[in-house]
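Residues per chain, in single letters:
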Amino acid sequence: MTNRQMSEIIRRQKPMTLRPTATVRQACRRMHERRIGAVLVTDEQDRLLGIFTGRDAVRVLAEARDPVQTVLKDVMTRNPDTLPPGKTAIEALRLMQDGGFRHVPVVSEEGTVVGVVSRFDFRGLEQDRLDEETGYWERM
Amino acid sequence: MKVKELMSVPIEWVHPSLPIREAARKMRAFNVGCIPVCEDRRLLGILTDRDIVCRLVANGGNADDTHVYDLMTGNVVACLEDQDARDAAEIMRAKALRRLPVLDRQRWVVGLLSVDDLYGSIPDDVFAATMIDSTIVRAHQHSAAAQKSRQGPSHRALAWRTEHQDPYFG
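Since this is a predicted model, take the numbers as computed values, not measurements.

Conventions we followed
- Residues numbered from 1 in each chain as written.
- Chains lettered and ligands numbered in written order.
- Predicted model: local features only at pLDDT ≥ 70, side-chain atom pairs only at ≥ 80, totals over all residues.
- Heavy atoms only, no water.
- Helix = DSSP H or I, 4+ residues; strand = E, 2+ residues; numbered from the N terminus.
- pLDDT = per-residue confidence, 0-100.
- Phe/Tyr/Trp six-rings, centres within 6.5 Å; stacked < 30°, edge-to-face > 60°.
- Lys NZ or Arg CZ within 6 Å of the ring centre and 35° of its normal.
- Core = buried A, V, L, I, M, F, W, Y, C linked by side-chain atoms within 4.5 Å.
- Buried < 20%, exposed > 50% of the residue type's maximum accessible area, 1.4 Å probe, protein only.
- Contact = heavy atoms within 4.5 Å.
- Salt bridge = Lys/Arg side-chain N within 4 Å of Asp/Glu carboxyl O.
- Pairing = 2+ DSSP bridges.
- Arc of directions from axis to C-beta.

Asker: What is the right way to look at unusual backbone geometry in this model?
Answerer: Only a minority of non-glycine residues have a phi that is not negative, and only a minority of peptide bonds are not trans. Residues and elements named next belong to chain A. In this structure, Arg 35 is a non-glycine residue whose phi angle is positive, near 50 degrees. If you trace the backbone, Arg 35 turns up in the loop between helix H2 (24-33) and strand E2 (38-42). Unusually for a residue other than glycine, Ala 64 sits at a positive phi of about 60 degrees.

Below, the structure is given as structure tokens:
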């Protein structure tokens, strides 16, 4: 389980991607319809430009921008940390734990987006292994 | 380990009559994705960035005319600060929740406990079960909820007054 690769986890995925010129409202509508927490922002060659999450949407409102006028290019998180499809689940979990985020885009060697993994794509064994590594269990 | 030792202490909360614009500013300023909704420190509900995305921005709503009580989730389940972390995990698992407001014995809001806070503080198998069950049950709830059409904001505004009679152990 711990050695499961990203390519296996995202096998059946069709990641939600939008162009940088899409609006915040369009992104939020997709997140609502597809029940996902993030959309990936890509160019015409499917190369990753950034990621847009609920946090970014709240920031748009806080800064008094209009979600219908504001485009993702201006409010997305640029150059997020990514993983290649060959990496294992435990490496993805470690990256999320260290970075304090919930979504990691999976990007191929050619630089194209092939999927996104979220915290909840993982199962028990991988969580256990991370516990052992960080020595958290000693606190019990 | 007690809930009190693991919870994050909310430095901020919002009033139900606050416009969403102001609530968003508070969430941004304190860098949180989830904020308790209170009146005189009594818990009425929870507002998350997901509520704002799905119930306001996706529908093209106006952040100045919409208020916290239009978007918040009322009738929330909570836990107590002197409860054992394992009990809190069980509540999360059974109710399919990833965050619980924490109350003291007088039922004042004193903190917020997220499933991430439990990580490493309860046995691994309990944590894994909590994580997985809350995700699976949620997925079922979502598909069930999708069958029904959503109540409009005005209905919700009326609803919170009746719903919050006893929101603590719903």
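The rest of the description comes next.
Asker: Even after reading the chapter, I still don't get the confidence of the model for chain A, so can you show me in this structure?
Answerer: Detailed reading of predicted coordinates is not advised where the pLDDT is low. Of the residues in chain A, 81% have a pLDDT of 70 or more, and the chain-wide mean is 82. Within chain A, no element has a lower average pLDDT than helix H6 (residues 124-134) of chain A, which sits at 51, and none a higher one than helix H4 (residues 72-75) of chain A, at 96.

Asker: Would you explain the packing of aromatic side chains in this entry?
Answerer: For any pair of aromatic rings, the description consists of the separation of the ring centres together with the inter-plane angle of the planes. Summed over the entire model, instances satisfying the criterion amount to 0 aromatic pairs over all chains. It is Arg42(B) that lies over the ring of Trp108(B); its NZ or CZ is 4.3 Å from the centre.

Asker: In this structure, what is going on with the nonpolar core? I would like to understand it.
Answerer: Ranked by size, the top nonpolar core spans 37 residues in total, and within it Phe52(A), Ile20(B), Leu47(B) and Ile52(B) carry the most contacts. In contact with Ile52(B), not counting residues within four places along its chain, are Val58(A), Leu61(A), Ile20(B), Met27(B), Leu47(B), Val57(B) and Leu71(B). Formed by 19 residues, the second largest nonpolar core is a distinct cluster that contains Met7(B), Ala88(B), Leu100(B) and Leu118(B).

Asker: Explain the pattern of salt bridges to me, please; I cannot follow it from the model alone.
Answerer: Any two side chains of opposite charge can pair, on the condition that their charged atoms come close. Residue and element names in this part refer to chain B. Under the definition given, this model contains 10 salt bridges over all chains. Between Glu 12 and Lys 26 there is a salt bridge whose closest N-O contact spans 2.8 Å. Of the two residues, Glu 12 sits in the loop between helix H1 (3-6) and helix H2 (20-29) while Lys 26 sits in helix H2, which places them 14 residues apart along the sequence.

Asker: How do you make sense of the pairing of strand E5 (residues 103-107) of chain A when you look at a structure like this?
Answerer: The side chains of a regular strand alternate between both faces of the sheet. Residue and element names in this part refer to chain A. Within E5, 4 of the 5 residues are buried, which leaves the element mostly enclosed by the surrounding structure. Taken together, the 5 bridges between E5 and strand E6 (residues 113-118) define a ladder with antiparallel strand orientation. Bridging across to E6, His 103 finds its partner in Ser 118. Counting the residues that bridge the hairpin from E5 to E6 gives 5 residues, and of these Gly 111 lies at a positive phi of roughly 90 degrees.

Asker: Even after reading the chapter, I still don't get the environment of Arg30(A), so can you show me in this structure?
Answerer: The residue Arg30(A) is located in helix H2 in this model. What makes Arg30(A) partly exposed here is its relative accessible area of 34%.

Asker: What is the right way to look at the pairing of strand E5 (residues 99-103) of chain B in this model?
Answerer: Residue and element names in this part refer to chain B. Along E5, 4 of the 5 residues are buried, which leaves the element largely enclosed by surrounding structure. Of the pairings in the sheet, the one linking E5 to strand E6 (residues 109-114) comprises 5 bridges and is antiparallel in character. Note on E6: the bridge partner recorded for Leu 103 is Val 109.

Asker: Can you help me understand H2(B) in this one?
Answerer: Given 3.6 residues per helical turn, the α-helix brings residues three or four places apart onto the same face. Taken residue by residue, H2(B) has Ile20(B), Arg21(B), Ala23(B), Ala24(B) and Met27(B) as its buried positions. End-on view of H2(B): buried residues confined to an arc of 160 degrees, all on one side of the axis. Of the surrounding elements, those touching the buried residues of H2(B) are helix H3 (54-62) of chain A together with strand E1 (34-39), strand E2 (42-48), helix H3 (49-57) and helix H4 (68-71) of chain B. Among the residues trailing H2(B), Asn31(B) stands out with phi positive, at a value near 55 degrees.

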